[in-house]
Amino acid sequence: MSVEQLYQEIILDHYRAKHHSGLRDPYEAEVTHVNPSCGDEILLRVHLDGERVADVSYDAVGCSISQASTSVMADLVIGKTVDEALAVASVFSDMMHSQGDYAPDEDVLEDGIAFLGVAQFPARVKCALLGWSAWKDAAARALALAELVEAKTLAEPVEAATPAEPVEANPEEES
Ligand code: ZN
């Protein structure tokens, strides 16, 4: 089996049995991204646990490349911190913009290396990046929301700082 055939098999495996597909609760952000040039569409949710990507769930329609790439993306980002996952997203994006002239690191991209061949076809690059761009958008929204919640939580003790009734010390119990 040639490398090209192997890559094609990996893509088809993910397309036939998409990992982490379906929409789940809870989630902090939900986005819809479309790739009009191919007709790919994805509704994607991100659930963060602190800085960590606890879950990515999605409902996707479109070509095998867009759906398989989303399946691989979910495998790669779930369990990582947002920063770690963004670093992988950046590596994947570099490969997709390489026109195929790239030596992918399987330790970083795992099954994502299978899209190296797709990088030779500019029209399909957007298909392969759709799920990733949806994830980046949703993760940014979820983080922004978490920061708002944190800011509110930090602000609350200030609001609650109206003077309480002074507690009178009991001199007898102090000694
Ligand atoms: Zn497509």
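The rules behind these values
Residues numbered from 1 in each chain as written. Predicted model: local features only at pLDDT ≥ 70, side-chain atom pairs only at ≥ 80, totals over all residues. Heavy atoms only, no water. Helix = DSSP H or I, 4+ residues; strand = E, 2+ residues; numbered from the N terminus. Buried < 20%, exposed > 50% of the residue type's maximum accessible area, 1.4 Å probe, protein only. Contact = heavy atoms within 4.5 Å. Areas by Shrake-Rupley, 256 points an atom, 1.4 Å probe, with all protein chains shown as cover. Donors = N, O, S within 2.8 Å, 3.2 Å for Na, K, Ca; no water. Phe/Tyr/Trp six-rings, centres within 6.5 Å; stacked < 30°, edge-to-face > 60°. Expected span 1.5 Å × (residues − 1). Arc of directions from axis to C-beta. Lys, Arg positive; Asp, Glu negative; His and termini not counted. Salt bridge = Lys/Arg side-chain N within 4 Å of Asp/Glu carboxyl O. Polar contact = N/O pair within 3.5 Å; in protein donor to acceptor, adjacent residues only side chain to side chain. Core = buried A, V, L, I, M, F, W, Y, C linked by side-chain atoms within 4.5 Å.

Notes on the overall build of the protein
The number of helices and strands found in the protein is six helices and three strands. Across the 175 residues of the protein, 37% fall into the buried class. A fraction of 58% describes how many contacts in the protein between residues 6 or more apart in sequence connect residues 24 or more apart. Surface accessibility of the protein: about 10200 Å² in total, with carbon and sulfur atoms responsible for 53%.

Notes on the coordination of the zinc ion
Listed as protein donors to the zinc ion are Cys38 (SG), Asp40 (OD), Asp40 (OD), Cys63 (SG) and Cys127 (SG); their distances from the metal cover 2.1 to 2.7 Å. Taking the relative accessible area as the measure of exposure, Cys38 reaches 34% and is therefore partly exposed.

With respect to the packing of aromatic side chains
For the coordinates displayed, the defined rule picks out two aromatic pairs. Consider the rings of Phe92 and Trp132, whose centres lie 5.1 Å apart with planes at 20 degrees: the pair is stacked. Of the two residues, Phe92 is situated in helix H3 (residues 82-96) and Trp132 in helix H5 (residues 122-159); the sequence distance between them amounts to 40 residues. What makes Phe92 buried here is its relative accessible area of 0%. According to the relative accessible area criterion, Trp132 is buried, its value standing at 2%. Grouping aromatic residues by their ring pairs yields a cluster made of Phe92, Phe115 and Trp132.

A few points about helix H1 (residues 3-16)
The end-to-end C-alpha distance of H1, which contains 14 residues, comes to 20 Å, matching closely the 20 Å that a straight helix rising 1.5 Å per residue would cover. Considered for burial, the residues of H1 that qualify are Tyr7, Ile10, Ile11 and His14. The buried residues of H1 occupy one face: seen down the axis, they fall within an arc of 95 degrees. Facing away from the buried side of H1 by over 90 degrees, the exposed positions are Gln8 and Arg16. In this fold, the buried residues of H1 make contact with helix H2 (64-77).

Digging into the side chain of Asp40
Structurally, Asp40 is set in strand S2 (residues 40-49). Here Asp40 is buried and forms no salt bridge, its nearest opposite-charge partner Arg124 lying at an N-O distance of 6.1 Å. Only 2.8 Å separates the side chain of Asp40 from the backbone nitrogen of Cys63, close enough to count as a polar contact. Filtering out sequence-adjacent residues up to four positions away, Asp40 remains in contact with His33, Val34, Asn35, Val61, Gly62, Cys63, Ser66, Cys127 and Leu130.

A short note on unusual backbone geometry
Here the bond from Asp25 into Pro26 is cis, since omega is -5 degrees, no more than 30 degrees from zero. Along the polypeptide, Pro26 turns up in the loop between H1 and strand S1 (29-35). In this model, His20 sits at a positive phi of 65 degrees, which is unusual for a non-glycine residue. Examined against the element boundaries, His20 turns out to sit in the loop between H1 and S1. Located in the positive-phi region is Glu110, a residue other than glycine, with phi close to 45 degrees. With respect to the helices and strands, Glu110 occurs in the loop between helix H4 (106-109) and H5.

Notes on the nonpolar core
The nonpolar side chains of a soluble globular protein tend to be buried, and buried together. Counting 46 residues, the largest nonpolar core has Leu44, Phe92, Met96, Phe115 and Trp135 as the members making the most contacts within it. Secondary structure elements with two or more residues in this core: H1, S1, S2, strand S3 (52-61), H2, H3 and H5. The element best represented in this core is H5, accounting for 11 residues. Setting aside residues up to four positions removed in sequence, Met96 forms contacts with Phe115, Val118, Ala119, Val125, Ala128 and Leu129.

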